[in-house]
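# Reading the structure
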Amino acid sequence: MLKPHIVSFWSSGAESQQLLRDGEASMGLLWHTRANLTKQDTEGEVDWTFDQGLVSPSGWTVIKGNPAGLKAAMEFIALAQNPDNQVTLLNELGNGPANPAAHALVSEEMKPVDASSKENLERQIVLQAEWYADHYGTALDKYLALVSS
């Protein structure tokens, strides 16, 4: 049984970090940006890896009739997808670039924390949105049963 060994089903990124910093949890599944910050905060006492990590690609959606209009929304998306801007986001927050053209611009220092680099993606599992679309209700019910048991 897994549940007796789970300290917490954390509800925020900050909580996931705190559980590890305080030594309440000896291991955890958390966002790599938070894991990297925890490593920095603990001066390497808490470390992390992309091995068997879960990758969940995201996307942009423009809501029909949004007050800014389609043109402004599309300009923002283009700005966000710009390779230089994506590298800035990686440097500042640790988010891996979604635009493959950005990878050539990533510094050697930042390559180990770039979740979307070829080397790091090979060590992770890509979540299948199609599977979740087909099985969301059943998966959620099982998760809620585990959390509440």
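What you see is a predicted model; the values in this text were computed from it and never measured. (Residues numbered from 1 in each chain as written. Predicted model: local features only at pLDDT ≥ 70, side-chain atom pairs only at ≥ 80, totals over all residues. Heavy atoms only, no water.)

## What to know about the overall build of the protein
Rules: Comment: elements are numbered from the N terminus, with helices defined as DSSP H or I runs of at least four residues and strands as E runs of at least two. Exposure classes here rest on a 1.4 Å probe applied to the protein chains alone. A residue is buried below 20% of its type maximum, exposed above 50%, and partly exposed in between. In what follows, residue pairs with any heavy atoms lying within 4.5 Å of each other are defined as contacts. Accessible surface area values rest on a Shrake-Rupley calculation with a 1.4 Å probe, where residue burial reflects the displayed protein chains alone. The sign given to each residue is positive for Lys and Arg and negative for Asp and Glu; His and the chain ends receive no count. Every charge is mapped to an atom, namely NZ of Lys, CZ of Arg, CG of Asp or CD of Glu.
Of the regular secondary structure elements, the protein holds 6 helices and 2 strands. Element order for the protein, N to C, with α for helix and β for strand: α-α-β-α-α-α-β-α. Dimensions of the protein, computed from C-alpha atoms along their principal axes, come out at roughly 50 × 40 × 30 Å. Counting all 149 residues of the protein, 25% fall into the buried class. When contacts within the protein are restricted to residue pairs at least 6 apart in sequence, long-range pairs at least 24 apart make up 34% of them. Per element, the accessible surface of the protein, about 10800 Å² overall, is 58% carbon and sulfur. Looking at charge distribution, the protein has the averaged site of its 10 positive side-chain charges lying 6 Å from that of its 19 negative ones.

## Topic: the packing of aromatic side chains
The test is simple: Each Phe, Tyr or Trp ring, with Trp reduced to its six-membered ring, pairs with another whose centre is within 6.5 Å; inter-plane angles below 30 degrees give stacked pairs, above 60 give edge-to-face pairs, and intermediate values give tilted ones.
Under the defined criterion, the tally for this structure stands at 5 aromatic pairs. Considering the side-chain rings of Trp-60 and Phe-76, the 5.2 Å spacing of their centres and the 85 degrees angle between planes classify their relative orientation as edge-to-face. Remark: Phe-76 occurs in helix α3 (residues 69-81) and Trp-60 occurs in the loop between β1 (53-55) and α3; sequence separation between them is 16 residues. For Trp-60, a relative accessible area of 49% gives the class partly exposed.

## Brief notes about unusual backbone geometry
One non-glycine residue, Glu-43, lies in positive phi territory at about 50 degrees. Relative to the elements of secondary structure, Glu-43 occurs in the loop between α2 (32-41) and β1.

## With respect to the pattern of salt bridges
The condition that has to hold: Within this document, salt bridges are pairs made up of a side-chain nitrogen of Lys or Arg and a carboxyl oxygen of Asp or Glu, the two lying within 4 Å of each other.
Counted under the stated rule, the structure contains 6 salt bridges. For Glu-108, the salt bridge is made with Lys-111, and the minimal N-O distance between the two is 2.9 Å. Assessed through its relative accessible area of 60%, Glu-108 is described here as exposed. Classification of Lys-111 as partly exposed rests on a relative accessible area of 34%.

## Here's the deal with a nonpolar patch on the surface
Quick note on the threshold: Residues qualify for a patch when their relative accessible area is over 30% and they have no salt bridge, like charges being joined within 9 Å and the nonpolar side chains of Val, Leu, Ile, Met, Phe, Trp and Tyr within 5 Å.
A surface patch of nonpolar side chains, amounting to about 300 Å² of accessible area, comprises Leu-29, Leu-54 and Ile-125. Take Ile-125: it is sitting in strand β2 (residues 124-126). With a relative accessible area of 45%, Ile-125 lands in the partly exposed category.

## Some remarks on the nonpolar core
As a reminder of what qualifies: Buried residues of nine kinds, namely Ala, Val, Leu, Ile, Met, Phe, Trp, Tyr and Cys, make up a nonpolar core once their side-chain atoms join them within 4.5 Å.
Membership of the largest hydrophobic core comes to 15 residues, with the highest contact counts inside it found for Leu-20, Trp-48, Leu-90, Val-106, Met-110 and Val-113. Breaking this core down by element, the ones donating at least two residues are α1 (13-21) and α4 (83-93). Other than its neighbours up to four places away in sequence, Met-110 contacts Leu-90 and Asn-91.

## Topic: the packing of α1 against α2
Convention followed: Note on geometry: axes are C-alpha line fits, over the in-contact stretch for helices, and angles between N-to-C directions span 0 to 180 degrees. Angles below 35 degrees are treated as roughly parallel, those above 145 as roughly antiparallel, those between 65 and 115 as roughly perpendicular, and all remaining angles as oblique. Two helices crossing with the near one rotated counterclockwise from the far one by less than a right angle form a left-handed crossing, whereas a clockwise rotation gives a right-handed crossing.
Taken N-terminus to C-terminus, the directions of α1 and α2 make an angle of 40 degrees; their axes are 10 Å apart at the nearest point. With respect to each other, α1 and α2 are oriented oblique. In the crossing of α1 with α2, the sense of the turn from one axis to the other is right-handed. Taking contact as the criterion, the partners of Gly-13, Ala-14, Ser-16, Gln-17, Leu-20 and Arg-21 in α1 are, on α2, Arg-34, Leu-37, Thr-38 and Asp-41.

## Remarks on α4
In an α-helix there are 3.6 residues to a turn, and that puts residues three or four apart on one side. Note the following rule: This arc corresponds to the set of directions leading from the helix axis out to the C-beta atoms. Pairing of N or O atoms within 3.5 Å defines a polar contact, subject to two protein rules: one partner must be a possible hydrogen donor and the other a possible acceptor, and residues neighboring in sequence count only if both atoms are side-chain atoms.
Looking only at α4, the buried set comprises Gln-86, Val-87 and Leu-90. When α4 is viewed along its axis, its buried side chains cluster within an angular range of 100 degrees and face the same direction. Residues Asp-84, Glu-92 and Leu-93 are exposed on α4 and point more than 90 degrees away from its buried face. For α4, the N-terminal cap is Asn-82; the gap from its side-chain oxygen to the backbone nitrogen of Asp-84 is 2.8 Å.

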